[in-house]
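# A closer look at the structure
Each chain is listed here by its residues.
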Amino acid sequence: MPNIKPISDLRNYNNVLNDVTVGAPVFLTKNGRGKYAILEMKDFEKTQATIRLMSELAKGRKSGEETGWLALEAVEETLGITHE
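Residues numbered from 1 in each chain as written. Predicted model: local features only at pLDDT ≥ 70, side-chain atom pairs only at ≥ 80, totals over all residues. Heavy atoms only, no water.

### Considerations on the side chain of K5
Going by this rule: Under the DSSP-based scheme used, a helix requires at least four consecutive residues in state H or I and a strand at least two consecutive residues in state E, with every element numbered from the N terminus. Note on contacts: a residue pair qualifies if any of its non-hydrogen atoms lie within 4.5 Å across the two residues.
Inspection of the secondary structure puts K5 in strand β1 (residues 3-6). With residues near it in sequence (within four places) discarded, K5 still touches V16, D19, V26, F27, L28 and T29.

### Some points on the sheet that holds β1
Test applied: Whether two strands pair comes down to DSSP finding at least two bridges between them. Every axis in this analysis is a line fitted to C-alpha atoms, fitted for helices over the stretch in contact. Angles between the N-to-C directions lie between 0 and 180 degrees.
An order of β1-β2-β3 is seen for the three strands of this open sheet, with the pairing classed as mixed. Looking along the sheet, the strands with just one partner apiece sit at the ends: β1 and β3 (33-38). Within the sheet, the average angular offset between the axes of one strand and its neighbour, ignoring direction, is 35 degrees. Taken together, the five bridges between strand β2 (residues 26-30) and β3 define a ladder with antiparallel strand orientation. Across the sheet, residue K30 finds its bridge partner in β3, namely R33.

### Thoughts on a nonpolar patch on the surface
The condition is simple: Patch rule: a residue counts if its relative accessible area is over 30% and it has no salt bridge; like charges are joined within 9 Å, and nonpolar side chains (Val, Leu, Ile, Met, Phe, Trp, Tyr) within 5 Å. The Shrake-Rupley method, run with a 1.4 Å probe, gives the accessible areas here. Residue values count only the displayed protein chains as cover. Definition used for salt bridges: Asp or Glu carboxyl oxygen within 4 Å of a side-chain nitrogen of Lys or Arg. Burial classes follow relative accessibility: with a 1.4 Å probe on protein chains only, a residue under 20% of its type's maximum area counts as buried, one over 50% as exposed, and anything between as partly exposed.
On the surface, a nonpolar cluster with roughly 390 Å² of combined accessible area is contributed by L70, V75, L79 and I81. When you line up the elements, L79 lands in helix α3 (residues 72-79). A residue is classified by how much of its surface remains accessible, and L79, at 60% relative accessible area, is exposed.

### Quick word on the side chain of E76
Operational definition: Positive charge is attributed to Lys and Arg, negative charge to Asp and Glu, and no charge count is given to His or to the chain ends.
Along the chain, E76 turns up in helix α3. Comment: no salt bridge for buried E76; closest opposite-charge side chain is R61, at 21 Å. Those residues in contact with E76 that sit more than four places away from it in its chain are I81 and H83.

### Quick word on the pattern of salt bridges
Under the criterion given, the structure shown has three salt bridges. Of the charged contacts in the structure, one is a salt bridge between D19 and K5, with a shortest N-O distance of 2.9 Å. With D19 in the loop between α1 (13-18) and β2 and K5 in strand β1, the pair connects residues that are 14 residues apart, well separated along the chain. Across the pair R61 and E65 runs a salt bridge, and its minimum N-O distance is 3.0 Å. In this pair, R61 and E65 are both assigned in helix α2 (residues 41-67), four residues apart and thus about one turn of the helix distant. Taking the relative accessible area as the measure of exposure, E65 reaches 53% and is therefore exposed.

### A look at the pairing of β1
Condition: Seen with its strands pointing away from the viewer, a crossover is right-handed when the path leading from the first strand over the helix to the second is clockwise.
The sheet contact formed by β1 and β2 spans four bridges and is parallel. From the neighbouring strand, N3 faces β2, where its bridge partner is V26. The parallel pair β1 and β2, bridged by α1, forms a crossover whose chirality is right-handed.

Have a look at this one:
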């Protein structure tokens with residue numbers, strides 16, 4: 001269940017921060033609407049890495065569609081992968 005608190009609870013920010021755990025951010029509301037999320041740095045870094053990966057995958061897909069795809073053998077040769 002999401003941990004949702006009003007932003008006014010930040011007056012006692014130590015209590016709010018104690019509720020933040022990996023995989024369980026605290027969501028803050030202002031005037032009854034979602035405004036902020038407080039999460040562990042580990043979760044933030046993982047999210048950022050996922051965004052970068054998805055961006056690179058989208059670039060690769062676009063490149064493949066515009067200039068053509070490489071055959072598996074060509075990729076393996078470029079990477080120096082050999083099969084014995």
